[in-house]
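Observations on chain architecture
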Amino acid sequence: MAIFLDKNSKVIVQGITGREGLFHTNKMLAYGTNIVGGVTPGKGGTTIESGQPVFNTVKDAVDATGATHSIILVPPFAGADALYEAYEAGIKLAVCITEGIPVHEMLKVVATTFGMRIIGPNCPGLISPGKSLMGIMPSQVFKEGNVGMISRSGTLTYEIVDGLSRAGFGQSTCIGIGGDTIIGTTFVDCLREFANDPETHAVVVAGEIGGASEEEAAAFVAEHLPNKPVVAFIGGRSAPKGARLGHAGAIISGNFGTPESKVKAFLEAGVPVADKPSDIPGLLAERLKPAAV
Amino acid sequence: MKLMEYQGKDLFRRVGIPTPSGVFATTADDVKTFIAEHPGSWVLKSQVMMGGRGKAGGIKFADTPDEGETLAKELIGKHLVSIQNPDGETVKSLLVEEKVAIESEAYVSITIDRDAKKPVIIVSAKGGMDVEEVAEHDPDAIVKYWVDPAIGFSPFMARELFFAAKLPAGYGKTFPKILAGLYTMFMEYGANLVEINPLVLTKDGKVIASDAKVDLDDNGLFKHPDVQAWNKATPSDEDQEAALAIGLGMFNYKKFADEAGAPPKSVGTIANGAGLGMGTMDAVKNAGGGAANFLDIGGGAQAELVKKSYNLVTSDPRVKSMFINIFGGITRGDQVALGIVEALKGGDVRQVPLVIRLTGTNADEGRKILADAGFFPVETMDEGAAKAVALANGSN
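As a starting point, this report considers the structure included with it. (Residues numbered from 1 in each chain as written. Chains lettered and ligands numbered in written order. Predicted model: local features only at pLDDT ≥ 70, side-chain atom pairs only at ≥ 80, totals over all residues.)

For the rest of this paragraph, the subject is the pairing of strand S18 (residues 321–328) of chain B. All names here are of chain B. Of all eight residues that make up S18, eight are buried, and the element is covered over most of its length. In S18, alternate side chains face the same way, and those of Ser 321, Phe 323, Asn 325 and Phe 327 on one face and Met 322, Ile 324, Ile 326 and Gly 328 on the other are all buried. Note: strand S15 (residues 265–271) against S18, five bridges, orientation parallel. Considered in S18, the bridge of Ile 270 is made with Ile 324. Pairing between S18 and strand S19 (residues 354–360): seven bridges, direction parallel. Note that in S19 the partner of Gly 328 across the bridge is Gly 360. (Buried ≥ 20, exposed ≤ 12 C-beta atoms within 10 Å, placed from the backbone. Helix = DSSP H or I, 4+ residues; strand = E, 2+ residues; numbered from the N terminus. Pairing = 2+ DSSP bridges.)

Next up, the structure:
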């Protein structure tokens with residue numbers, strides 16, 4: 001078992017014939033993702049090289065394939081529209097890779113698409129190693145196992161996962177929740193799923209400066225994950241106040257979103273905070289035995 | 001994109017929020033001519049992004065054309081420095097506005113609460129001062145309303161806020177209209193922040209936005225090409241300009257000021273991805289050094305961008321060594337390697353000792369390119385940071 005995504009999940013790709021869309025569709029197929037089709041308006045009735053059918057609308061794709069999952073690889077101006085279309089067609093989980101969707105469009109999307117889980121936007125996606133990939137991550141660094149991973153970043157996730165895999169800690173599911181101001185799925189949403197997943201024995205939470213989602217995650221862990229070890233990391237601890245660093249969310253304003261408050265919250269919840277990514281496997285090892293890889 | 005006061009007020013007027021009458025001026029002659037044609041008492045307000053403008057001497061009062069000319073000459077070109085902005089900012093333009101007789105000052109803003117995933121309206125009867133100070137010393141004086149974006153703004157919200165904040169009765173009638181306009185502007189123009197401080201109640205009972213602080217979401221600017229064009233006319237942050245000039249996102253490069261008591265900011269850093277970029281500067285700090293900057297080359301960087309990024313970072317004279325940290329995903333290691341080799345080929349480049357960490361997609365090809373050119377990448381981020389700090393300190 002994993003969370004959100006397993007090898008039977010039926011996945012469609014919105015924007016399947018685009019340059020990025022097709023490139024990543026092929027990568028996901030090679031990984032074993034159960035991609036049952038895709039959507040590009042005007043190209044309905046055709047197929048991509050590997051045989052998956054292309055539809056004009058998400059509704060057509062869902063009707064024909066029974067897809068429940070959709071990965072969105074469309075330009076930013078079409079991102080919110082793609083999410084609404086997925087919701088109206090009955091998609092249960094949408095991964096939105098698209099970077100640059102206006103934040104006010106996302107405010108309306110998350111306030112209206114009840115019941116559809118949105119991962120992202122502006123995220124690397126999610127992967128249940130050995131089972132399925134809905135994302136743009138370099139799959140070779142991931143290994144199947146029992147550690148859940150949640151991160152606000154892309155490349156930092158790869159860095160941490162690479163270290164975990166080398167140390168013998170495979171992963172159940174890894175989720176890049178995205179670096180934007182408004183995102184569909186938070187740390188807490190993922191922790192709630194990991195808490196109930198018997199195959200996830202421990203969780204790594206990779207946060208960064210800005211916002212209060214790490215503090216909320218810490219409070220949730222204290223209350224709901226008493227028996228699952230959690231290890232945290234906070235990126236950007238050396239950043240000066242007021243400097244926005246790439247991610248829209250990664251900014252300390254006033255006394256809000258400081259690394260001190262995040263570290264304190266985790267420690268009070270009994271969650272050790274790694275000073276650097278390379279310390280994470282060691283902290284896990286004190287709490288879990290690495291499985292033979 | 002942060003707006004100047006005069007630009008913010010332009011947007012206010014588009015949504016029906018009253019502002020003082022006045023004119024935007026870039027020369028002392030403009031000011032003199034305007035006051036000559038419109039006799040009365042005028043305020044000359046320096047158009048700068050920084051806070052604490054008044055205390056820094058950026059606001060003057062003029063009653064005659066000559067006085068206006070003299071004060072305008074004094075202000076334009078002046079370098080203002082405030083507590084909030086010790087680096088200061090040079091005044092390039094003025095907003096000349098009617099002096100209003102103030103009965104009362106309130107505070108109104110709308111911003112995004114990222115954790116609630118909703119816009120939040122903030123109101124206080126204590127306008128005209130720093131709202132963060134009010135929040136600290138008199139938190140009860142600040143009231144908030146979280147708007148459900150699916151409902152949008154409705155006048156009852158303004159009434160609730162009006163009574164809860166105990167605004168003077170004179171605001172009552174126009175307050176819902178002002179908030180409705182402000183919410184429309186917030187959503188339509190995609191603002192991260194719209195702030196009126198103060199929202200003035202005049203002696204003759206009018207409600208006027210006396211100042212405007214507006215920050216727009218860059219991702220939504222394409223919907224308003226006229227507003228987007230202001231960006232070119234307005235001198236923005238130096239780092240943001242430098243980033244845009246080489247084709248990076250405007251928040252992908254940030255130079256860090258020196259800090260007293262901390263190690264010198266002498267290690268330049270380049271990474272792919274904001275998270276890894278932050279991790280890289282943290283690693284430099286952990287190794288006992290100081291990162292001079294944060295630079296995220298983004299995903300899929302080509303050799304040319306790597307070269308330009310290298311040159312941007314080394315243009316900072318404090319940089320004594322460089323740490324390039326690449327975890328290839330979309331970004332290909334061979335492209336990064338080609339960029340590095342290319343960057344260092346020309347004689348016009350300031351070369352500093354370089355530490356490269358390259359892993360992930362096409363890392364082997366990249367390492368070969370680097371080895372052929374005489375560079376030897378390190379294996380891990382920690383090792384790279386330690387080496388870069390040692391090189392910046394002048395040892396191997």
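Below, the discussion takes up the sheet that holds strand S2 (residues 22–25) of chain B. Residue and element names in this part refer to chain B. Ordered in space as S2-S7-S3-S4, the four strands form an open sheet in which the pairing is antiparallel. The sheet is open, and its two edges are formed by S2 and strand S4 (59–62), each paired on a single side. Strand after strand, the sheet turns through a mean of 20 degrees between neighbouring axes, direction not considered. Where strand S3 (residues 42–46) lies against S4, four bridges are found, and the strand directions are antiparallel. Paired with Val 43 across the strands is Phe 61, a residue of S4. Strands in contact with helix H2 (residues 28–37) are S2, S3, S4 and strand S7 (94–98); relative to S2, the strand with the most contacts, it is inclined by about 160 degrees. Along the sheet face, helix H3 (residues 65–75) touches S2, S3, S4 and S7 and points at about 10 degrees away from the line of S3. (Axes fitted to C-alpha atoms, helices over the stretch in contact; angles between N-to-C directions. Contact = placed C-beta atoms within 7 Å.)

Right, let's talk about the interface of chain B and chain A for a bit. Listed per partner, the contact involves 44 residues of chain B and 48 residues of chain A. Put simply, the parts of the chain that give the side of chain B that touches chain A at least two residues each are helix H9 (274–286), S18 and helix H13 (381–392) of chain B. When residues in the side of chain B that touches chain A are grouped by element, the largest group, eleven residues, is from H9 of chain B. Here the residues of the side of chain B that touches chain A are counted per class, giving 18 nonpolar, 15 polar and eleven charged. (Nonpolar A, V, L, I, M, F, W, Y, C, P; charged D, E, K, R; others polar.)

At the junction of Gly 120 of chain A and Pro 121 of chain A, the peptide bond is cis and its omega measures out at 5 degrees in the coordinates. Along the chain, Pro 121 of chain A falls in the loop between strand S6 (117–119) and strand S7 (125–128). The residue after Asn 197 of chain B, namely Pro 198 of chain B, is reached through a cis peptide bond having omega 10 degrees. Counting through the fold element by element, Pro 198 of chain B comes out in strand S11 (residues 191–202). Unusually for a residue other than glycine, Lys 117 of chain B sits at a positive phi of about 60 degrees. Along the chain, Lys 117 of chain B falls in the loop between strand S8 (102–113) and strand S9 (118–124).

Another point: H3 of chain B. All names here are of chain B. Among the residues of H3, Gly 68, Glu 69, Ala 72 and Leu 75 are the ones counted as buried. Looking down the long axis of H3, one finds its buried residues gathered within 135 degrees of arc, a one-sided arrangement. Buried positions along H3 lie against S2, H2, S3, S4 and S7. Directly beyond the C-terminal end of H3, a positive phi value near 95 degrees is found at Gly 77. (Arc of directions from axis to C-beta.)

Our next topic: the nonpolar core. Ile 72, Leu 83 and Ala 94 of chain A together with Val 284 and Ala 388 of chain B are the most contacted members of the largest nonpolar core, which totals 147 residues. The element best represented in this core is H13 of chain B, accounting for seven residues. Excluding residues that lie within four positions of it along the chain, Leu 83 of chain A makes contacts with Ile 72, Ala 94, Cys 96, Val 109, Thr 113 and Ile 118 of chain A. (Core = buried A, V, L, I, M, F, W, Y, C linked by C-beta atoms within 7 Å.)

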